[in-house]
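Here's the letter readout for the chains.
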Amino acid sequence: MKTLMRQGMLFFVFLALLSAFNPRSWAQDSADGARKVLIKTPPVYPTLARSMNIHGVVKLEVHVAPNGTVKSVDVKGGHPLLTQSAVTAVGHWKFEAAPKETKEEVDITFEAQQ
């Protein structure tokens, strides 16, 4: 039983080492949010949301053109009173240039001030 466990452990170590030296793992995948944001416009906290003490995270999928400009923004989650402000802000962002269009996942956090 111990021999079997030792062989299994060696197999997993081998797989870990193999993936560490895999050249594909070194390349940046655009789906992982690899593009750096060069210009970030902060969102405006909506007055109604602030007065109602609404806070949280808005999850967005941003379609970025090869030149780094934002082509479109899709809302993936968040409070409806916060989403428009997040979409407007991210629409003004500028990303680094890349060879092709990419999709980036962005989270915008709205925190209630105390």
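Residues numbered from 1 in each chain as written. Predicted model: local features only at pLDDT ≥ 70, side-chain atom pairs only at ≥ 80, totals over all residues. Heavy atoms only, no water.

Student: Just to check I follow, could you spell out the side chain of His63 for this structure?
Tutor: Looking at where His63 falls in the secondary structure, it is placed in strand 2 (residues 56-64). Residue His63 is classed as buried on the basis of its relative accessible area, which comes to 11%. Only 3.4 Å separates the side chain of His63 from the side chain of Glu61, close enough to count as a polar contact. Aside from chain neighbours lying at most four places away, what touches His63 is Thr69, Val70, Lys71, Ser72, Asp74, Glu101, Thr102 and Lys103. (Helix = DSSP H or I, 4+ residues; strand = E, 2+ residues; numbered from the N terminus. Buried < 20%, exposed > 50% of the residue type's maximum accessible area, 1.4 Å probe, protein only. Polar contact = N/O pair within 3.5 Å; in protein donor to acceptor, adjacent residues only side chain to side chain. Contact = heavy atoms within 4.5 Å.)

Student: What am I meant to see in helix 4 (residues 80-91) here?
Tutor: Since one α-helical turn is 3.6 residues long, residues separated by three or four positions face the same way. Taking 1.5 Å of rise per residue, the 12 residues of helix 4 would be expected to cover 16 Å, and the 17 Å separating its terminal C-alpha atoms lies within 8% of that figure. All of the buried residues along helix 4 are Leu82, Thr83, Ser85, Ala86, Ala89 and Val90. Looking at the buried residues of helix 4, the elements they touch are helix 3 (47-51), strand 2, strand 3 (70-77) and strand 5 (102-110). (Expected span 1.5 Å × (residues − 1).)

Student: Honestly, the sheet that holds strand 5 in this entry has me stumped. Any pointers?
Tutor: Note: strands within a sheet are paired through backbone hydrogen bonds, in either parallel or antiparallel orientation. Reading across the sheet, the 3 strands line up as 3-2-5 and stay open at both edges, with antiparallel pairing between neighbours. Strands with a single pairing partner mark the edges of an open sheet, and in this sheet they are strand 3 and strand 5. In this sheet, neighbouring strand axes are inclined to one another by 30° on average, regardless of whether the strands run parallel or antiparallel. With 9 bridges connecting them, strand 2 and strand 5 associate as antiparallel partners. (Pairing = 2+ DSSP bridges. Axes fitted to C-alpha atoms, helices over the stretch in contact; angles between N-to-C directions.)

Student: Looking at this structure, how should I read the environment of Thr69?
Tutor: By the element assignment, Thr69 lies in the loop between strand 2 and strand 3. Looking at Thr69, the relative accessible area reads 33%, which means it is partly exposed. Sequence separation between Thr69 and Glu101 is 32 residues, and the spatial gap between their C-alpha atoms is 9.7 Å. The residues touching Thr69, leaving out its near neighbours within four places in the chain, are His63, Val64 and Lys94. A polar contact of 2.8 Å, which involves the side chain of Thr69, links it to the side chain of Asn67.

Student: Hey, could you run me through the packing of aromatic side chains in this one?
Tutor: What characterises a pair of aromatic rings is the spacing of the ring centres plus the angle enclosed by the ring planes. All told, the structure shown has 2 aromatic pairs when counted by the stated rule. Seen from their ring centres, Tyr45 and Phe110 are 5.5 Å apart, and the 80° between their planes marks the pair as edge-to-face. One end of the pair, Tyr45, is in the loop between strand 1 (37-39) and helix 3; the other, Phe110, is in strand 5, and 65 residues separate them in sequence. Summarising the burial analysis for this pair, Tyr45 and Phe110 share the class buried. With 6.2 Å between their ring centres and 50° between their planes, Trp93 and Phe95 make a pair best called tilted. Assessed through its relative accessible area of 8%, Trp93 is described here as buried. (Phe/Tyr/Trp six-rings, centres within 6.5 Å; stacked < 30°, edge-to-face > 60°.)

Student: Explain the environment of Pro43 here, please?
Tutor: Turning to its location among the elements, Pro43 is positioned in the loop between strand 1 and helix 3. In sequence terms Pro43 and Ala89 are 46 residues apart; their C-alpha atoms lie 4.9 Å from each other. Setting aside anything within four residues of it in sequence, one finds Pro43 in contact with Ser85, Ala86, Ala89, Ile108 and Phe110.

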